[in-house]
Amino acid sequence: MTAPTPPSPNHGPSRSAPPYDPWGNVPHGKDPGADGPADAAVGREFLESVLVAAAVAVLGVGLGLLWLWLAPRVPLVSDGTAVYLKDSEGEETVGADGTFVLLALGAGALSGAAVFLARRRGGVGVVIGLAVGALAGSLLAWRLGVWLGPEQDVAAHARVVGEGRVFDAPLELHAKGALLAWPLAALAVHLALTSLFGPRDPEPGHPLHPAWGPPPGDAGDAGDVGDRSRA
């Protein structure tokens, strides 16, 4: 009679593999939402936003100079005790605001088109940079025009020119809402061009759970089938 073969010390009791669950938790070390690519994308968006904002804001110098050149002057006259409008029914006072708005709309259309052509693929950073740069450019143009314009101290200017002499009033922007004309126009033009000519996003595929894959043991079964076919 043959003696029973003792169990091998290297093999413990057989354990059945757990059932395959495609909706199970993701194994440790296989985090699909790794922070590396996401952090790089955020940094790239931030850099593009800063570059676009700086490039657009510099255009405010040109807008300020054009506003100073094209805005109508408001004539004033002094009688030695007070300063009056030379033409009390003139429209020069609101003309400066209207000129700024028209120039800002043109600057917004040009900057929005230029940013679209330079960054056709768009992105959140590009849009934020365009809006911030346009608003900063409007503020720069306003302050530059006021600074380079006629003397701000009307009483001192009247004493300098003398009684009965006509002089220009300070260049002012009475409607501060005009500062939003540039960013609104830039965003509208950029949005329109992106909608018409921008790249289209690919059709989204079916979402896959991170744990989806071949059930455990499939690879071994496939190898066994291959061995049997070769035999």
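This one's a predicted model, so the numbers in the text were calculated from it and none came from an experiment.

> Looking at this model, I keep getting lost on the nonpolar core. Mind explaining?
Taken as a class, soluble globular proteins show a tendency for nonpolar side chains to be buried jointly. Counting 25 residues, the largest nonpolar core has Val56, Leu63, Trp67, Phe100, Trp142, Leu173 and Trp182 as the members making the most contacts within it. Contributing elements (two or more residues each) for this core: α1 (35–70), α2 (92–118), α3 (124–148) and α5 (181–197). Residue contacts for Phe100: discarding those within four places in its chain leaves Leu63, Trp67, Ser138, Ala141, Trp142, Leu173, Ala178 and Leu179. In this structure, Val74, Leu76, Ala158 and Phe167 belong to the second largest nonpolar core, which totals 5 residues.

> What is the right way to look at the side chain of Asp97 in this model?
Tracing the backbone through its elements, the reader meets Asp97 in helix α2. Put simply, Asp97 is tucked away with no salt bridge, and the nearest opposite charge, on Lys176, sits 7.4 Å away. Side-chain polar atoms of Asp97 contact the backbone nitrogen of Ala175, separated by 3.0 Å. In this structure, Asp97 is in contact with Glu172, Leu173, His174 and Ala175, ignoring residues within four places of it in sequence.

> I'm lost on the sheet that holds strand β1 (residues 75–78) in this one. Help?
The strands making up a sheet associate through hydrogen bonds between their backbones, and the pairing can be parallel or antiparallel. An order of β2-β1-β3 is seen for the 3 strands of this open sheet, with the pairing classed as antiparallel. The sheet is open, and its two borders are formed by β2 (83–85) and β3 (166–168), each paired with just one other strand. Each adjacent strand pair in this sheet contributes to an overall mean axis angle of 40°, direction not counted. Looking at chain direction, β1 and β2 are connected through 3 bridges and run antiparallel. Counterpart to Ser78 in the pairing with β2 is Val83. Of the strands in this sheet, β1, β2 and β3 touch helix α4 (residues 154–161), which is tilted by about 145° from β3.

> What should I look at first to understand the pattern of salt bridges in this one?
Two side chains that carry opposite charge are able to pair once their charged atoms sit near each other. A complete count under the given rule lists 2 salt bridges for this structure. With a closest N to O distance of 2.3 Å, Arg121 and Glu48 form a salt bridge. Of this pair, Arg121 sits in the loop between α2 and α3 while Glu48 sits in helix α1, and the two are 73 residues apart along the sequence. Note on Glu48: relative accessible area 8%, which makes it buried. Linked through salt bridges whose partners overlap, the residues forming this network are Glu48, Arg119 and Arg121.

> Please explain the pairing of β1 as it appears in this structure.
Side-chain direction in a regular strand flips from residue to residue, so the side chains alternate between the two faces of the sheet. Because side chains alternate across β1, one face comprises the buried residues Leu76 and Ser78, and the other comprises Pro75 and Val77, none of which is buried. Hairpin geometry of β1 and β2 is characterised by an intervening segment of 4 residues between the two adjacent antiparallel strands and by a positive phi of about 100° at Gly80.

What counts, and where the lines are drawn
- Residues numbered from 1 in each chain as written.
- Predicted model: local features only at pLDDT ≥ 70, side-chain atom pairs only at ≥ 80, totals over all residues.
- Heavy atoms only, no water.
- Core = buried A, V, L, I, M, F, W, Y, C linked by side-chain atoms within 4.5 Å.
- Buried < 20%, exposed > 50% of the residue type's maximum accessible area, 1.4 Å probe, protein only.
- Helix = DSSP H or I, 4+ residues; strand = E, 2+ residues; numbered from the N terminus.
- Contact = heavy atoms within 4.5 Å.
- Lys, Arg positive; Asp, Glu negative; His and termini not counted.
- Salt bridge = Lys/Arg side-chain N within 4 Å of Asp/Glu carboxyl O.
- Polar contact = N/O pair within 3.5 Å; in protein donor to acceptor, adjacent residues only side chain to side chain.
- Pairing = 2+ DSSP bridges.
- Axes fitted to C-alpha atoms, helices over the stretch in contact; angles between N-to-C directions.

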